[in-house]
2 protein chains.
Amino acid sequence: MNSFVLDPTLQRDTHFICEMSLSTVLLMDDARFPWLIVVPRVVGARDLIDLDEAHRIVLWREVARASEALRTLCTPHKLNVAALGNVVEQLHVHVIARFRDDAAWPRPVWGTGTAQPYAEAILAGVLGLHRAEFARANAPTPTWPHGGSDSGAG
Amino acid sequence: MNSFVLDPTLQRDTHFICEMSLSTVLLMDDARFPWLIVVPRVVGARDLIDLDEAHRIVLWREVARASEALRTLCTPHKLNVAALGNVVEQLHVHVIARFRDDAAWPRPVWGTGTAQPYAEAILAGVLGLHRAEFARANAPTPTWPHGGSDSGAG
């Protein structure tokens, strides 16, 4: 009981990348922007301040890891990090790599045009690149506790 | 030398509320939304991952404090927390109280209509309420180090 279930809209609009200690990392299915969503597996959390401080510290460490993955993979001009949740209430943090020639610059990405789903032919490759980057980034961390598959909300 | 200077656009578009250990808290001059901006006084920081982890932990604690102040003052339906920085590059975190009948709901606030500056007659009162709330929230914290006026980047 009380087990965490990913919001169905997030499930529908994203592809699974990997699990970290507290959070699940998803790729937004919009090829216009390199766009990760970090979802802490904490039942019932809506706002960041719904998390206790220990969870918050882990979440921000995992958001930083997602940011570093995007920075490594695509060298963006800027990173956008946001917890909005006006439409999908389940707490989730957007981490988006932005470029001065992207489809929304300099505006935020939300509400700009229409999502362009990844072509089937490249999706597996994109997911593979991200998974390899998270695995690489996690490998040398001696304090990584459970091989990345522990649920913080178990 | 190397002393922190607030970005001129942030200076122009906001009113000063208070300083916390690391960050300066500003009120966005847009009466449509209760909207705080938390600016860590770290010279040269653009992205969250430009901060070291110790600074990041303090920043997120201060963002949480700003979120709690807004929750106490105006009981929003949702809080939006975001570090975008596409226009103003100096690292700053938006903390915005959102309501289901506000001028942008459910869209993000950026790029929606035109800012409505606070009327002179109420601005002092609004700033006073926020300052009192931050002072109240800080008062019982025994580990608050310097009475809230220390510059983390001094």
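It should be emphasised that the depicted structure is a prediction, and the values quoted were computed from it without experimental measurement. (Residues numbered from 1 in each chain as written. Chains lettered and ligands numbered in written order. Predicted model: local features only at pLDDT ≥ 70, side-chain atom pairs only at ≥ 80, totals over all residues. Heavy atoms only, no water.)

## Structural notes on the sheet that holds strand 5 (residues 93-98) of chain B
Then comes step 1: Here 10 strands make up an open sheet; going across it, the order is 1(A)-2(A)-3(A)-5(A)-4(A)-4(B)-5(B)-3(B)-2(B)-1(B) and the pairing antiparallel. Either end of the sheet is taken by a strand with one partner, and the two such strands are strand 1 (14-19) of chain A together with strand 1 (14-19) of chain B. Direction aside, the axes of adjacent strands within the sheet are offset by 20° on average.
Then comes step 2: Summarising the sheet, strand 4 (residues 78-83) of chain A and strand 4 (residues 78-83) of chain B pair through 3 bridges and their orientation is antiparallel. Counted as the bridge partner of A:V81 is B:A83 from strand 4 of chain B. (Pairing = 2+ DSSP bridges. Helix = DSSP H or I, 4+ residues; strand = E, 2+ residues; numbered from the N terminus. Axes fitted to C-alpha atoms, helices over the stretch in contact; angles between N-to-C directions.)

## A closer look at empty space enclosed by the protein
Then comes step 1: If you walk through the whole model with that rule in mind, you get 5 cavities of 30 Å³ or more.
Then comes step 2: Taken as a whole, the largest cavity spans an internal volume of roughly 100 Å³.
Then comes step 3: Along its surface, the largest cavity is lined by A:E53, A:R56, A:I57, A:W60, A:R61, B:E53, B:R56, B:I57, B:W60 and B:R61.
Then comes step 4: Counting residues per element, the ones that place at least two in the lining of the largest cavity are helix 2 (53-74) of chain A together with helix 2 (53-74) of chain B.
Then comes step 5: Class assignment for the residues of the lining of the largest cavity results in 4 nonpolar, no polar and 6 charged. (1 Å grid on protein atoms, 1.4 Å probe; cavity = no way out; pocket = protein on both sides within 12 Å on 5 of 7 lines; lining within 4 Å. Points joined across faces, edges and corners; volume = space filled by probe spheres on them. Nonpolar A, V, L, I, M, F, W, Y, C, P; charged D, E, K, R; others polar.)

## Describing the side chain of A:D30
Residue and element names in this part refer to chain A.
Then comes step 1: Examined against the element boundaries, D30 turns out to sit in the loop between strand 2 (23-28) and strand 3 (35-40).
Then comes step 2: D30 sits in the buried class, given a relative accessible area of 2%.
Then comes step 3: Within polar-contact distance, the side chain of D30 engages the side chain of R32 at 2.7 Å. (Buried < 20%, exposed > 50% of the residue type's maximum accessible area, 1.4 Å probe, protein only. Polar contact = N/O pair within 3.5 Å; in protein donor to acceptor, adjacent residues only side chain to side chain.)

## Regarding the packing of helix 2 of chain A against helix 3 (residues 120-138) of chain A
Residue and element names in this part refer to chain A.
Then comes step 1: Packing of helix 2 against helix 3 brings their axes to within 10 Å, and their N-to-C directions diverge by 120°. Judged by the angle between their axes, helix 2 and helix 3 are oblique. As for how helix 2 packs across helix 3, the hand of that crossing is right-handed. Seen from helix 2, the contacting residues are R65, A66, A69, L70, T72 and L73; seen from helix 3, they are L129, H130, E133, F134, R136 and N138.
Then comes step 2: The residue makeup of the contact of helix 2 with helix 3, split by class, is 6 nonpolar, 3 polar and 3 charged. (Parallel < 35°, antiparallel > 145°, perpendicular 65-115°, else oblique. Left-handed = near helix turned anticlockwise from the far one by under 90°. Contact = heavy atoms within 4.5 Å.)

## Digging into the packing of aromatic side chains
Then comes step 1: For the structure shown, the criterion picks out 4 aromatic pairs over all chains.
Then comes step 2: Where A:W60 meets B:W60, the ring centres are 3.5 Å apart and the plane angle is 0°; that geometry is what we call stacked. On the criterion of chain membership, the pair formed by A:W60 in helix 2 and B:W60 in helix 2 is interchain, its members lying in two chains. Here A:W60 matches B:W60 in class, with each residue buried.
Then comes step 3: Pairing B:W35 with B:W110 gives two aromatic rings, centres 6.5 Å apart and planes at 90°, and the pair type is edge-to-face. Of this pair, B:W35 sits in strand 3 (residues 35-40) while B:W110 sits in the loop between strand 5 and helix 3 (120-138), placing them 75 residues apart in sequence.
Then comes step 4: The class for B:W110 is buried, based on a relative accessible area of 17%.
Then comes step 5: An aromatic cluster of three or more residues is present, and its members are B:F33, B:W35 and B:W110. (Phe/Tyr/Trp six-rings, centres within 6.5 Å; stacked < 30°, edge-to-face > 60°.)

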